[in-house]
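Inside the fold
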Amino acid sequence: MIITDIKLIPASKYLFVKVETDEGIYGLGEMGAWGYLDACAGALEKLKDYLIGKDATMIEHHFNFMYRSMYFRGNIILSAISAVDIALWDILGKKLGVPIYQLLGGKTRDKVRTYAPVFESDPKKMAEGCLKLKEMGFTAARLMMCGSMKTDFVTREELIFSNKINDYINRVKVCREAVGNDFDLCLEVHRSLTPAEAIAFAKGVEKYTPLFIEDPIAPDSISSMSKVADKIDIPIATGERAVTLQEMEELCRNRAVDYLRPDLCVVGGITAAKKIAAVAEANYILISPHNPLGPISTAACLQLDACIPNFLIQEFPSFYHAGEEDKMLKKPFRIEDGFIYIPDGPGLGIELVDDIEEKFKPIQRSISCMIAYDGSVYDR
């Protein structure tokens, strides 16, 4: 089964990839470095020179060639590799008539627990968002502790340590009091705290038993993340911006993480993610895949979630509901009581609707950064 062409499918905020073969079987993938999708497309053009004419079933070999042939690496190149890798697994599953999880050892579960975000920063509105998700059947919510993603300015008051930490703590307090104890709170800090702030915040919200604190600090320094983890009693979830198996292994080995969050559309696809899950399993660390993307990313995550024993919970982007992106699929995901059922069709188990580019006009995400009251760049 020979690869004959690789096509790009831009739709909404996403860039999908279609790998075609001489047997008429095609596979779908998705690129993860949002905001830089044009660069990802350029990287894919380089990969096409190698891939076209090759046996589509030699997935591990192709992953190694694409990854190890590049002198320079990083999330742009790996996003292109990820899209191809996911598509090749989709092809192999379709060729053999089985879901991808069947090729990776079979199912360990039939459905996966998931959580959705609450894009609010006012405590009352955050609590209302949690209650709405609870009414929908979800048992967990992602709270955006860093505030609204729509603002690009940090006020004078937000720069005051005591004010900032107590504001963050109060948001968690109000949400916990609203939903009770039969609901988990995932605290998305989004790297908006310094190590000192993260430690103070975590200690202040311990009594509200959050499921985890996500990216409490910028993830560039593993030793700093390890320092924070050593001083708090709340599980840390991180890893969404790590791009290699080795980075993930260092996070695990240095006890800088309790829940690892690989992004399948950035780390190298399903091939790399399965290895990352095994490294995490050896360190008693659970997997909660990062997933801020489209339905192909979600489908790939579900295939991984299905076949690993150390799965925790799956991020499910609000766009699928709020943006009516369920209409991107010929058969939407089955969601009940806060769980997504794993598709049992061959390959990824999904198909995009026809003319998706016309139905969902391409709109790339912009890049942005917050500016503080004093004029400096500020993490969020």
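Just above sits the structure.
As a starting point, this report considers the structure included with it. Because the structure is a prediction, the values reported are computed rather than measured.

**A look at the pairing of strand S5 (residues 140–144)**
The element S5 is largely enclosed, with a buried count of five among its five residues. Of the two faces of S5, the one carrying Ala 140, Arg 142 and Met 144 and the one carrying Ala 141 and Leu 143 are both buried. Inspection of the sheet shows strand S4 (residues 111–118) paired to S5 by three bridges, in the parallel sense. Within S5, the position partnered with Ala 116 by the bridge is Ala 141. In the classification by handedness, the crossover that spans S4, the intervening helix H5 (residues 123–135) and the parallel S5 is right-handed. Where S5 lies against strand S6 (residues 184–188), five bridges are found, and the strand directions are parallel. Residue pairing in the sheet places Leu 143 in a bridge with Leu 187 of S6.

**Observations regarding a nonpolar patch on the surface**
On the surface, a nonpolar cluster with roughly 470 Å² of combined accessible area is contributed by Phe 153, Leu 159, Ile 371, Tyr 373 and Val 377. Of note, Phe 153 is situated in the loop between S5 and helix H6 (161–179). For Phe 153, a relative accessible area of 40% translates into the label partly exposed.

**Some words on the packing of aromatic side chains**
Aromatic rings considered in pairs are described by the distance between their centres and by the relative angle of their planes. Per the counting criterion, the structure on display carries nine aromatic pairs. Between Phe 63 and Tyr 67, the ring centres sit 6.0 Å apart and the planes meet at 5°, which makes this aromatic pair stacked. Placement of the pair is Phe 63 and Tyr 67 together in helix H2 (residues 59–68), with a separation of four residues, close to one helical turn. The same class applies to Phe 63 and to Tyr 67, which are both buried. Considering the side-chain rings of Tyr 320 and Phe 333, the 5.6 Å spacing of their centres and the 45° angle between planes classify their relative orientation as tilted. With a gap of 13 residues between them, Tyr 320 in helix H12 (residues 319–322) and Phe 333 in the loop between H12 and strand S12 (335–336) connect regions that are remote in the sequence. Per residue, the accessibility class of Tyr 320 equals that of Phe 333, and both read buried. Stacked on the ring of Tyr 341, the Lys or Arg Arg 334 has its end atom at 3.7 Å from the ring centre.

**Observations regarding the pattern of salt bridges**
When their charged atoms lie close together, side chains carrying opposite charge are able to pair. Evaluation of the coordinates by the stated rule reveals 25 salt bridges. Of the charged contacts, one joins Lys 48 and Glu 45 as a salt bridge, the two residues approaching to 3.8 Å between their closest N and O atoms. Taken together, the residues Lys 48 and Glu 45, both in helix H1 (residues 37–51) and three residues apart, mark about one turn of the helix. Since its relative accessible area comes to 18%, Lys 48 is described here as buried. One salt bridge in this structure joins Glu 358 and Lys 361, with 2.9 Å as the shortest N-O distance. A single salt-bridge network, built from bridges that share partners, covers Arg 142, Glu 188, Glu 214, Glu 240, Arg 261 and Glu 315.

**Looking at the sheet that holds strand S1 (residues 3–11)**
Strand order in the open sheet made by the three strands is S1-S2-S3, with antiparallel pairing throughout. Looking at the sheet topology across the chains shown, the edges are occupied by S1 and strand S3 (26–30). Pairs of neighbouring strands in the sheet enclose a mean axial angle of 20°, with direction left out of account. Sheet analysis places S1 next to strand S2 (residues 14–21), joined by eight bridges and oriented antiparallel. Looking across to S2, one finds that Ile 3 is bridged to Thr 21. Those strands touched by helix H3 (residues 75–96) are S1, S2 and S3, and its axis lies near 145° from that of S3. Along the sheet face, helix H11 (residues 295–307) touches S2 and S3 and points at about 100° away from the line of S3.

**Let's talk about the environment of Asp 230**
By secondary structure assignment, the location of Asp 230 is in helix H8 (residues 222–231). Through-space distance from the C-alpha of Asp 230 to that of Glu 247 is 19 Å; in sequence the pair is 17 residues apart.

**Comments concerning the pairing of S4**
Of all eight residues in S4, seven are buried; the element is thus mostly enclosed. Sheet topology note: the S4/strand S13 (residues 339–341) ladder contains three bridges and is antiparallel. Looking at S13, one finds that Arg 113 is bridged to Phe 339. Inspection of the sheet shows S4 paired to strand S11 (residues 314–315) by two bridges, in the parallel sense. Paired with Thr 114 across the strands is Gln 314, a residue of S11.

**Considering the environment of Arg 334**
Along the chain, the position of Arg 334 falls in the loop between H12 and S12. As for Arg 334 and Met 58, which are separated by 276 residues in sequence, their C-alpha atoms are 32 Å apart. In this view, Arg 334 contacts Phe 339, Ile 340 and Tyr 341; residues no more than four positions away in its chain are not counted. In terms of polar contacts, Arg 334 uses its side chain to reach the side chain of Glu 336, at 3.0 Å.

**Examining the state of the cysteines**
Under the definition given, this model contains zero disulfides. Free cysteine Cys 252: the closest other cysteine sulfur is in Cys 307, separated by 17 Å.

**As for the nonpolar core**
Ranked by internal contacts, the top residues of the largest apolar core, which has 126 residues, are Phe 201 and Leu 260. Among residues more than four places away in sequence, those in contact with Phe 201 are Met 145, Ile 165, Tyr 168, Ile 169, Val 172, Leu 187, Val 189, Leu 193 and Ile 213. Grouped together as the second largest cluster of nonpolar side chains are nine residues, Phe 212, Ala 237, Leu 312 and Ile 313 included.

The rules behind each value
- Along each chain, numbering runs from 1 in the same order as the chain's sequence is written.
- Totals for whole chains, interfaces and linings use every residue, but because this is a predicted model, local features are given only for residues with pLDDT of at least 70 and side-chain atom pairs only at 80 or more, for both listing and counting.
- The side-chain quantities take in all heavy atoms of the structure and omit both hydrogens and water.
- Throughout this description, buried means an accessible area under 20% of the type-specific maximum (1.4 Å probe, protein chains only), exposed means over 50%, and partly exposed covers the range between.
- For the purposes of this entry, the term helix denotes a DSSP run of H or I that reaches at least four residues, the term strand denotes a run of E that reaches at least two, and both are numbered from the N terminus.
- Only when DSSP finds a minimum of two bridges between them are two strands counted as paired.
- Crossovers are described as right-handed under a simple rule: with the strands pointing away from the observer, the path leading from the first strand over the helix to the second runs clockwise.
- Patch criteria: residues need more than 30% relative accessible area and no salt bridge. Like-charged residues are merged within 9 Å; nonpolar side chains of Val, Leu, Ile, Met, Phe, Trp and Tyr are merged within 5 Å.
- Accessible surface area values rest on a Shrake-Rupley calculation with a 1.4 Å probe, where residue burial reflects the displayed protein chains alone.
- Any carboxyl oxygen of Asp or Glu that lies within 4 Å of a side-chain nitrogen of Lys or Arg is treated as forming a salt bridge with it.
- Planes of paired rings set the category: under 30 degrees apart is stacked, over 60 is edge-to-face and the rest tilted, where pairs are Phe, Tyr or Trp rings (Trp by its six-membered ring) whose centres lie within 6.5 Å.
- Charge-over-ring placement is defined geometrically: NZ (Lys) or CZ (Arg) within 6 Å of the ring centre, and within 35 degrees of the ring normal.
- Structural elements are reduced to axes, namely lines fitted to C-alpha atoms, with helices fitted over the stretch in contact, and the angle between N-to-C directions of any two is expressed from 0 to 180 degrees.
- Should any heavy atoms of two residues lie within 4.5 Å, those residues are counted as being in contact.
- Here a polar contact means two N or O atoms within 3.5 Å. Within protein one must be a hydrogen donor candidate and the other an acceptor candidate, and residues neighboring in sequence count only if both atoms are side-chain atoms.
- Only a pair of cysteine sulfur atoms within 2.5 Å qualifies as a disulfide here.
- Only buried Ala, Val, Leu, Ile, Met, Phe, Trp, Tyr and Cys residues count toward a nonpolar core, and they belong to the same one when joined by side-chain atoms within 4.5 Å.

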